[in-house]
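Structural features, examined
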Amino acid sequence: MHCTKKITSDMTWVGADDRRLAFFEGVYGVPNGVSYNSYLICDEKTILFDTVDKAVAHNFFDNVAYALDGRKLDYLVISHMEPDHAATIEDIALRYPEATIICNAKIQAMLGRFFPTDLSGRIQLVKEGDTLSTGRHVFTFVMAPMVHWPEVMMTYDTTDKILFSADAFGSFGALNGRIFADEVDFMHDWLDEARRYYTNIVGKYGAQVQAVLRKAAALEINYVCPLHSFVWRRDFGAFLEKYLKWSSYEPEEKGVMIAYASVYGHTENAANILAAKLSDRGVKVQMYDTSVTASSFILSDAFKYSHLVFAATTYNAGMFSTMEHLLHEITEHNLQKRKIALIENGSWAPMSGKLMRELLSTLKGVEFVGETLTVNSALTEGQLGDLDALADELAKSVAE
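First, a word on what this report is: a plain description of the structure on this page. Bear in mind the structure is a predicted one, so any value in this text is a computation, not a measurement.

**Considerations on the overall build of the protein chain**
A count of helices and strands for the protein chain gives 12 helices and 23 strands. Expressed along its principal axes, the backbone C-alpha trace of the protein chain runs to roughly 80 × 40 × 35 Å. Residues classed as buried in the protein chain amount to 56% of the 400 residues present. When contacts within the protein chain are restricted to residue pairs at least 6 apart in sequence, those whose partners lie at least 24 apart make up 73%. For the protein chain, the computed accessible surface area is about 16400 Å², with 50% contributed by carbon and sulfur atoms. Here the protein chain holds 37 positive side-chain charges and 52 negative ones, and the gap between their average locations is 4 Å.

**Some words on the side chain of Thr155**
Here Thr155 is to be found in strand β14 (residues 153-157). Residue Thr155 is classed as buried on the basis of its relative accessible area of 0%. If sequence neighbours within four positions are ignored, Thr155 has contacts with Phe49, Val77, Phe139, Thr140, Phe141, Ile162, Leu163 and Phe164.

**Here's the deal with the pairing of strand β18 (residues 285-289)**
Two elements, strand β17 (residues 253-261) and β18, share five bridges in a ladder whose sense is parallel. Bridging from a neighbouring strand, Tyr260 pairs with Asp289 of β18.

**Quick notes on helix α4 (residues 105-114)**
For α4, the complete set of buried residues consists of Ile107, Met110 and Leu111. Buried positions in α4, seen along its axis, are confined to an arc of 110° and lie on one side of it. Projecting away from the buried face of α4 at angles above 90 degrees are the exposed residues Gly112 and Arg113. Contacts from the buried residues of α4 go to α3 (89-95), β10 (100-103) and β11 (123-125). Its side-chain oxygen at 3.1 Å from the backbone nitrogen of Lys106, Asn104 defines the N-terminal cap of α4.

**Notes on the packing of aromatic side chains**
Under the defined criterion, the tally for this structure stands at 25 aromatic pairs. Look at Tyr28 and Phe172: their rings are 6.5 Å apart centre to centre, the planes differ by 35°, and that puts the pair in the tilted class. Placement of Tyr28 in strand β5 (residues 28-29) and of Phe172 in the loop between β15 (162-164) and α5 (186-202) is noted, with a sequence separation of 144 residues between them. Residue classification places Phe172 among the buried positions, given a relative accessible area of 1%. Between the aromatic rings of Phe236 and Phe239, the centroid separation amounts to 6.4 Å while the plane-to-plane angle is 80°, which identifies the pairing as edge-to-face. Linking Phe236 with Phe239, this pair stays in helix α7 (residues 236-248), spanning three residues, or about one helical turn. Feature note: the residues Phe169, Phe186, Trp190, Tyr198, Phe230, Trp232, Phe236, Phe239, Tyr243 and Trp246 constitute an aromatic cluster, connected by ring pairs.

**Describing a nonpolar patch on the surface**
A cluster of nonpolar side chains, namely Val263, Tyr264 and Tyr315, defines an oily patch on the protein surface of about 370 Å² accessible area. Its location among the elements puts Tyr315 in strand β19 (residues 305-315).

**Things to note about the pattern of salt bridges**
Per the stated rule, a full pass over the model turns up 19 salt bridges. Notably, a salt bridge pairs Lys72 with Asp74, separated by 3.7 Å at the nearest N-O pair. By relative accessible area, Lys72 is classed as partly exposed at 43%. Close ionic contact of Glu252 with Arg195 constitutes a salt bridge, the shortest N to O distance being 2.5 Å.

**Quick notes on the nonpolar core**
Counting 91 residues, the largest nonpolar core has Leu111 and Phe239 as the members making the most contacts within it. Here this core gets eight residues from one element, more than from any other, and that element is α5. Those residues in contact with Phe239 that sit more than four places away from it in its chain are Phe169, Gly170, Phe186, Met187, Leu191, Ala194, Trp232 and Trp246. One finds Tyr249, Tyr288, Leu308 and Met319 within the second-largest nonpolar core, a separate group that totals 27 residues.

**So, the sheet that holds strand β7 (residues 39-42)**
A sheet is described by the order of its strands in space; here seven strands give the open sequence β1-β2-β7-β8-β9-β10-β11, paired in mixed fashion. If you trace the sheet from one side to the other, it starts and ends with β1 (5-8) and β11, each paired once. The sheet shows a mean angle of 25° between the axes of neighbouring strands, taken without regard to direction. Judged from the three bridges that link them, β10 and β11 form a sheet pairing that is parallel. Across the sheet, the residue bridging to Ile102 is Gln124, located in β11. Against the sheet, α4 contacts β10 and β11, and its axis sits at roughly 120° relative to β10.

**Some words on unusual backbone geometry**
Val147 connects to His148 through a cis peptide bond whose omega is 5°. Considering the arrangement of structural elements, one finds His148 in the loop between β13 (138-143) and β14. A positive phi is found at Asp50, a non-glycine position, where the angle reads about 70°. Among the structural elements, Asp50 can be located in the loop between β8 (46-49) and α1 (57-68). A positive phi is found at Met146, a non-glycine position, where the angle reads about 65°. Topologically, Met146 is positioned in the loop between β13 and β14. You can call Met146 partly exposed: its relative accessible area is 24%.

Cut-off values and rules
- Residues numbered from 1 in each chain as written.
- Predicted model: local features only at pLDDT ≥ 70, side-chain atom pairs only at ≥ 80, totals over all residues.
- Heavy atoms only, no water.
- Helix = DSSP H or I, 4+ residues; strand = E, 2+ residues; numbered from the N terminus.
- Buried < 20%, exposed > 50% of the residue type's maximum accessible area, 1.4 Å probe, protein only.
- Contact = heavy atoms within 4.5 Å.
- Areas by Shrake-Rupley, 256 points an atom, 1.4 Å probe, with all protein chains shown as cover.
- Lys, Arg positive; Asp, Glu negative; His and termini not counted.
- Charge placed at Lys NZ, Arg CZ, Asp CG, Glu CD.
- Pairing = 2+ DSSP bridges.
- Arc of directions from axis to C-beta.
- Polar contact = N/O pair within 3.5 Å; in protein donor to acceptor, adjacent residues only side chain to side chain.
- Phe/Tyr/Trp six-rings, centres within 6.5 Å; stacked < 30°, edge-to-face > 60°.
- Patch = residues over 30% accessible without salt bridge, like charges linked within 9 Å, V, L, I, M, F, W, Y side chains within 5 Å.
- Salt bridge = Lys/Arg side-chain N within 4 Å of Asp/Glu carboxyl O.
- Core = buried A, V, L, I, M, F, W, Y, C linked by side-chain atoms within 4.5 Å.
- Axes fitted to C-alpha atoms, helices over the stretch in contact; angles between N-to-C directions.

Below, the structure written as structure tokens:
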């Protein structure tokens, strides 16, 4: 039985929600599920934009058949070959043998690696600026390499001013019966998941995202149709502004995110005292225990806040493992332009501060606030003054 959503008079969402998925890409927790979006336009010729993950294949096939209403499928446009969107390409091609596959040369090469069926005789290659008409609609193609795979392309409908944006402008979270971003309070209820999606999936490729945003700036856009999450038909500028900040690594908010790794509570205590002192100075603070909160959530807020504090105990002559994992995630995702302070703990040979500084020093535009504060097993009364001084330096830096 079908479950579709009408977007325009001749365009239908034929995707599906997945609420049983525990970890997106096997690593990012998705407690609210995820949507896989596919769009069908029924013009003089019919054209389908992308497919879905195999987990929701049955729903997808029902939706496409219903939306086609007995018509043949003329075109399948492939924007991105990642299997959460491409896993059912072969099935659609076999179900609709008359459909021409529209893709670029890099996508064609990947098709041969993902699927045993030879689809080469059905492919129409396109490159930047090429056009395709289905009757009333005329589409042009925009290459978006490394946003976030090398083959990615977007499609722009010059008729109804629709941008099919591939993985850009998406979010974690199932749609739950809605389709448009203005049907929810997106900037309040969904922005955190949109940021977590961007920073973890696309965050490393800020320069490439900026290049695509410059292309999009030249287009008149009435609708943005991403491969995950809601369709935008109004007030898109506010979300676009976030993308501009995230992709240029500019913080959204002045404030301090504190992430700590503590074994027996002494490092946590130092982090808590610093947080209290910062709050007393009017500084906004967000805290995370790296042993409790998955790194994808902490990474997202590292992109959000202007200042970061990392506090970690020394463990096996190195950083505690959950902090080490977090900092590797942050460096691998190319975070830049942050002010950072460090707290280390070690009962006999503190090493975590040195290792944290070495790793974070590889990031562009990083400045360290103050010297590393060393705790030997537990804070002493005499070190409260050191925490006061660090809080003063951070508060001053945030204010500036």
